[in-house]
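As a plain string of letters, each chain reads:
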Amino acid sequence: MSEQNKDPLVIAGKSYNSRLLVGTGKYKDLEETGLAIAASGAEIVTVAVRRTNIGQNPGEPNLLDVVSPDRYTILPNTAGCYNAADAVRTCKLARELLDGHDLVKLEVLGDQKTLYPNIVETLKACEELVKDNFKVMVYTNDDPIVAKQLEEMGCVAVMPLGSLIGSGLGILNPHNIRIIMEEAKVPILVDAGVGTASDAAVAMEMGCEGVLMNTAIAAANNPILMASAMKKAIEAGRECFLAGRMPRKKYASASSPLEGTIG
Amino acid sequence: MQIQVNGDSIEVRDGATLSELLDQLGLAGKRVAIELNLEIIPRSEHGQTALRTDDQVEIVHAIGGG
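In this report, the structure presented in the accompanying data block is examined. Note that the structure is predicted; figures quoted are calculated from it, not measured.

**Comments concerning the overall build of chain A**
So, step 1. From N to C terminus, chain A includes nine helices and 10 strands.
So, step 2. A compact globule built from 263 residues should have a C-alpha radius of gyration of about 18 Å, and chain A, at 20 Å, falls within 12% of that.
So, step 3. When burial is assessed residue by residue, chain A has 48% of its 263 residues classed as buried.
So, step 4. For chain A, long-range pairs separated by at least 24 residues make up 64% of all intrachain contacts whose partners lie at least 6 apart in sequence.
So, step 5. A total of about 13100 Å² of accessible surface is found on chain A, and carbon and sulfur atoms cover 51% of it.

**Some remarks on the overall build of chain B**
So, step 1. Counting its secondary structure elements, chain B contains one helix and five strands.
So, step 2. Each helix and strand of chain B, placed in order from N terminus to C terminus, yields the pattern β-β-α-β-β-β.
So, step 3. Its C-alpha atoms give chain B a radius of gyration of 11 Å, near enough to 11 Å, the size a compact globule of 66 residues would have.
So, step 4. Expressed along its principal axes, the backbone C-alpha trace of chain B runs to roughly 40 × 25 × 20 Å.

**A few points about the interface of chain B and chain A**
So, step 1. At the interface, 28 residues of chain B touch 29 residues of chain A.
So, step 2. Buried surface at the junction of chain B and chain A, summed over both partners, amounts to about 2500 Å²; 56% is from carbon and sulfur atoms.
So, step 3. Looking at the side of chain B facing chain A, the largest losses of area belong to Arg31, His61 and Gly66 of chain B, adding up to 25% of the total buried there.
So, step 4. There are four salt bridges connecting chain B and chain A.
So, step 5. When the shortest N-O distance is used, the salt bridge between Arg31 of chain B and Asp99 of chain A registers 3.2 Å.
So, step 6. Summed over the shared surface of chain B and chain A, the number is 17 residue pairs in polar contact (both at pLDDT 80 or more).

**Quick look at helix H1 (residues 30–40) of chain A**
Residue and element names in this part refer to chain A.
So, step 1. The set of residues buried in H1 consists of Glu32, Thr33, Gly34, Ala36, Ile37 and Ser40.
So, step 2. Among the structural elements, strand S3 (20–22), strand S4 (44–51), helix H2 (63–66), helix H8 (215–218) and helix H9 (223–243) are those in contact with the buried residues of H1.
So, step 3. Capping the start of H1, Asp29 holds a side-chain oxygen 3.3 Å from the backbone nitrogen of Glu31, two or three residues further along.

**Considerations on the state of the cysteines**
Residue and element names in this part refer to chain A.
So, step 1. As enumerated under the stated definition, the model contains zero disulfides over all chains in all.
So, step 2. You can see Cys126 has no disulfide; the closest cysteine sulfur is in Cys155, sitting 3.2 Å from it.
So, step 3. For Cys126, a relative accessible area of 0% gives the class buried.
So, step 4. Not engaged in a disulfide, the cysteine Cys208 finds its nearest cysteine sulfur in Cys240; these two sulfurs lie 13 Å apart.

**Overview of the sheet that holds strand S7 (residues 135–140) of chain A**
What holds strands together in a sheet is hydrogen bonding between their backbones, with the strands either parallel or antiparallel.
Residue and element names in this part refer to chain A.
So, step 1. Pairing is parallel in the open sheet, where three strands are placed in the order S6-S7-S8. Among the strands making up the open sheet, the edge pair consists of strand S6 (103–106) and strand S8 (157–160). Put simply, the sheet's adjacent strands are angled 20° from each other on average, direction ignored.
So, step 2. Where S6 lies against S7, four bridges are found, and the strand directions are parallel. The partner of Leu103 across the bridge, within S7, is Lys135.
So, step 3. Sitting on the sheet, helix H4 (residues 119–131) is in contact with S6 and S7, with an inclination near 175° to S7.

**A closer look at helix H3 (residues 84–97) of chain A**
Residues and elements named next belong to chain A.
So, step 1. If you check H3, its first and last C-alpha atoms are 20 Å apart, about what 14 residues at 1.5 Å a residue would give, namely 20 Å.
So, step 2. Along H3, the positions that sit buried rather than exposed are Ala84, Ala87, Val88, Thr90, Cys91, Leu93, Ala94, Glu96 and Leu97.
So, step 3. Capping the start of H3, Asn83 holds a side-chain oxygen 3.2 Å from the backbone nitrogen of Ala85, two or three residues further along.
So, step 4. Directly beyond the C-terminal end of H3, a positive phi value near 55° is found at Asp99.

**Here's the deal with the pattern of salt bridges**
So, step 1. As enumerated under the stated definition, the model contains 15 salt bridges over all chains in all.
So, step 2. The closest approach of N and O atoms between Arg43 of chain B and Asp99 of chain A, which form a salt bridge, is 2.6 Å. Taken together, the positions of Arg43 of chain B in the loop between strand S4 (39–41) and strand S5 (56–64) and Asp99 of chain A in the loop between H3 and S6 put the pair across two chains.
So, step 3. Since its relative accessible area comes to 32%, Arg43 of chain B is described here as partly exposed.
So, step 4. Taking the shortest distance from any N to any O, the salt bridge between Glu20 of chain B and Arg13 of chain B comes out at 2.9 Å.
So, step 5. A single network of salt bridges, built from pairs that share partners, joins Asp7, Arg19, Glu209 and Arg238 of chain A.

**Observations concerning the nonpolar core**
So, step 1. Residues Leu106, Val136, Met213, Ile217 and Met230 of chain A are the most contacted members of the largest nonpolar core, which totals 64 residues.
So, step 2. With seven residues, H3 of chain A is the largest single contributor of residues to this core.
So, step 3. Ignoring any residue separated from it by four or fewer positions in sequence, one finds Val136 of chain A in contact with Val104, Leu106, Leu129, Val130, Cys155, Val156 and Ala157 of chain A.
So, step 4. Counting residues in each nonpolar core, the second largest holds 18 residues, with Ile10, Leu18, Val32 and Leu36 of chain B among its members.

Basis of the calculations
Residues numbered from 1 in each chain as written. Chains lettered and ligands numbered in written order. Predicted model: local features only at pLDDT ≥ 70, side-chain atom pairs only at ≥ 80, totals over all residues. Heavy atoms only, no water. Helix = DSSP H or I, 4+ residues; strand = E, 2+ residues; numbered from the N terminus. Rg over C-alpha atoms; globule rule 2.2 N^0.38 Å. Buried < 20%, exposed > 50% of the residue type's maximum accessible area, 1.4 Å probe, protein only. Contact = heavy atoms within 4.5 Å. Areas by Shrake-Rupley, 256 points an atom, 1.4 Å probe, with all protein chains shown as cover. Buried area = accessible area lost by both parts, 1.4 Å probe. Salt bridge = Lys/Arg side-chain N within 4 Å of Asp/Glu carboxyl O. Polar contact = N/O pair within 3.5 Å; in protein donor to acceptor, adjacent residues only side chain to side chain. Disulfide = S-S within 2.5 Å. Pairing = 2+ DSSP bridges. Axes fitted to C-alpha atoms, helices over the stretch in contact; angles between N-to-C directions. Expected span 1.5 Å × (residues − 1). Core = buried A, V, L, I, M, F, W, Y, C linked by side-chain atoms within 4.5 Å.

Pasting the structure below:
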């Protein structure tokens, strides 16, 4: 982009034009992944770290061939980790995998049914990772006290859930997200729960710094078109927030002048 | 000698290095990270790091996730 963005998203000192962060899971194939991510306009893209399948299709294309670290800021996650030790180990492997890149998405989960964050283990992992100079973007619940603690521990962004991961239920407790934002000195991003474009717009209209989503795009009938819809929703929501919405009124207020009517 | 790679037993040459292991598995030049007995071995040291019997090796890569 040649024109300087006057309203960048700043995470750990780096500026981004897009406020939409996207995952790479659940796509039909790598081609669809690449096309959807390009259509979303996202610059920060999450990936998971898993064991390499030994002896199976060694020649198959790699995700990072499609989502190149030269073009995107790769955000490795700790999805699938249920305790602090596994999450820290995964982050260290990710840093080696990405040649010292130290921005990570920490998520330590509580159980498989809800994928709700285990806050005790999240705080433990966070402390260790910050000490080890990782830049931590942390997935958490919508508890304002916990969000503040994570910020004070040194997280570069705090990412409360809108609703459960992959549920598509939208932002169930906007009041808590508002309280979290009021107190925050680091970017607050809604992570998880967005189901459709209006959910993303609502988050941005409230003043969230950004939204991270995966399933809402990947599980759409046409993921590439949905990625484009989400890009617009995020931009519209942000502009709406900056513009400042009109106050709500109980009764009508005519838009056309009342004087000079005929008859 | 036998070592464990991602939980499976694998036969490698006695004293093989991590680089040789990656070659043997068809993973040479691929973007992977390696942990040897729970310790991360940087890519630059794969060529000098010799394996021993019963070593536990984890090889990971990036896949789709949210």
